[in-house]
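If you want the building blocks of each chain, they are given just below.
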Amino acid sequence: MLLAAFAFGAAGPVQACVNAIGTDHQGRQFDVHDDVGEQLEARLTSNEVRKHYLRNARSLIAEAQSVPDLENLTKLAILLMYQGQHSRAAQLLLSIERRWPGHHETAANLGTALELSGHDAPALAWIRLGIQRNPAEHFGTEWLHARILESKLASAKDPVRLARYSIAGLQFGDATVPPLPATLPAGNDGRRVDAYALNQAFAYQLGERMQFVLPKDPVVANLLSDWAALNMAGGPMENVVVLYALAERYGAEETATVARRQAEARRILKSVRNAEHPGGRCVICEPGPTTKAP
């Protein structure tokens, strides 16, 4: 659920320029150039982009009326979505597509507006078209939006599907500290993503989706649960604690496996508190040999 507004408010998957300390599942610490733990939670739940659009609503409307070009009308469509006027946003985006056809930003935004309007099937078609128009759509993460829509459509015939199957197609097993999944999903270009790209996809897609979707929501719960497990396997324990807590807030069940992982992450963090334990590594924070960092 990504919003493309050309130069306005553009951001990469990593939305914070910070230097933090993370702790791996062996209790060793490492530098990480992103928000960690409580700072990550604050970023996901602060709704800063939404607030920015709403604060600037009058000027955005005035600019679109004064100069109704592609950029200003796209900003107006995004504002309508943040205001909850999803059908009006979709209508405006369709008119933009007719007037300036072929832009991947329009396809991505129209997919979002249609999903928010409750039209998942046409939303999926537009998201796929956006990826075709630009294989690097949304820094290579829009494949996850497509999988979300596919899962929502499948769950219409299977109401408990989202509670039983990973939207991203991941299998972590029941180990307290799981290995990284042996099979990872295909990205925008059809090739398998690596753990780094998967981590970036969760961060970017959830960062946008949680601005629109309040608890409880099975899609967000599903994604947060998988992201927490990914961090348990190869990321900061600080993230494990907050992501599992957020997943439960969105309606995820606290299984015995989840309870063990949360307890283990808290135990590790308590054991290293106020002490330096260098030598750690964040596997999911580092691009693989074939991955291009955005």
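Right above here is the structure, for reference.
Throughout what follows, the structure given in this document is the object of discussion. Since the model is a prediction, treat every value here as computed from it, not as a measurement.

With respect to helix H7 (residues 120-133)
Look at H7: 20 Å from first C-alpha to last across 14 residues, which is about the 20 Å you get at 1.5 Å a residue. Those residues of H7 hidden inside the fold are in contact with helix H5 (86-99), helix H6 (104-116), helix H8 (137-140) and helix H9 (142-155).

Considerations on the side chain of Glu142
Within the secondary structure, Glu142 is located in helix H9. Here Glu142 occupies a buried position and makes no salt bridge, while the nearest side chain of opposite charge, Arg209, is found at 8.0 Å. Side chain to side chain, Glu142 and Gln205 meet in a polar contact 3.0 Å long.

So, the pattern of salt bridges
Two side chains that carry opposite charge are able to pair once their charged atoms sit near each other. Tallied over the entire structure, the rule returns 14 salt bridges. A salt bridge links Glu115 to Lys152, with the shortest nitrogen-to-oxygen separation between them at 3.0 Å. Linking Glu115 in helix H6 with Lys152 in helix H9, this pair joins segments that are 37 residues apart in sequence. The buried category is assigned to Glu115, whose relative accessible area is 5%. Among the salt bridges present, the one from Glu115 reaches Arg209, with a minimum N-O distance of 3.0 Å. Note that Glu115 is positioned in helix H6 and Arg209 in helix H11 (residues 195-209), a separation of 94 residues in sequence.

Some remarks on the environment of Ala146
Here Ala146 shows up in helix H9. The spacing of Ala146 and Leu129 is 17 residues in sequence and 10 Å in space, taken between C-alpha atoms. If near-sequence neighbours (up to four positions away) are discounted, Ala146 is found in contact with Leu124 and Ile127.

Details of the packing of helix H2 (residues 48-55) against helix H4 (residues 70-82)
Put simply, H2 and H4 touch, their axes get as near as 9 Å, and they point 110° apart. Taken together, H2 and H4 sit at an angle that is classed as roughly perpendicular. Relative to H4, H2 is oriented so that their crossing is left-handed. Along its contact with H2, which presents Val49, Arg50, Tyr53 and Leu54, the element H4 presents Lys75, Ile78, Leu79 and Tyr82. Grouping the amino acids of the contact of H2 with H4 by side-chain chemistry returns 6 nonpolar, no polar and 2 charged.

Notes on unusual backbone geometry
Note that the residue after Pro215, namely Lys216, is joined by a cis bond; omega there is 0°. Here Lys216 is to be found in the loop between H11 and helix H12 (218-234). Positive phi outside glycine occurs at Asn47, with the angle close to 60°. With respect to the helices and strands, the residue Asn47 is situated in the loop between helix H1 (38-45) and H2. Even without glycine at this site, Phe139 takes up a positive phi of about 60°.

Conventions adopted
Residues numbered from 1 in each chain as written. Predicted model: local features only at pLDDT ≥ 70, side-chain atom pairs only at ≥ 80, totals over all residues. Heavy atoms only, no water. Helix = DSSP H or I, 4+ residues; strand = E, 2+ residues; numbered from the N terminus. Expected span 1.5 Å × (residues − 1). Contact = heavy atoms within 4.5 Å. Buried < 20%, exposed > 50% of the residue type's maximum accessible area, 1.4 Å probe, protein only. Lys, Arg positive; Asp, Glu negative; His and termini not counted. Salt bridge = Lys/Arg side-chain N within 4 Å of Asp/Glu carboxyl O. Polar contact = N/O pair within 3.5 Å; in protein donor to acceptor, adjacent residues only side chain to side chain. Axes fitted to C-alpha atoms, helices over the stretch in contact; angles between N-to-C directions. Parallel < 35°, antiparallel > 145°, perpendicular 65-115°, else oblique. Left-handed = near helix turned anticlockwise from the far one by under 90°. Nonpolar A, V, L, I, M, F, W, Y, C, P; charged D, E, K, R; others polar.

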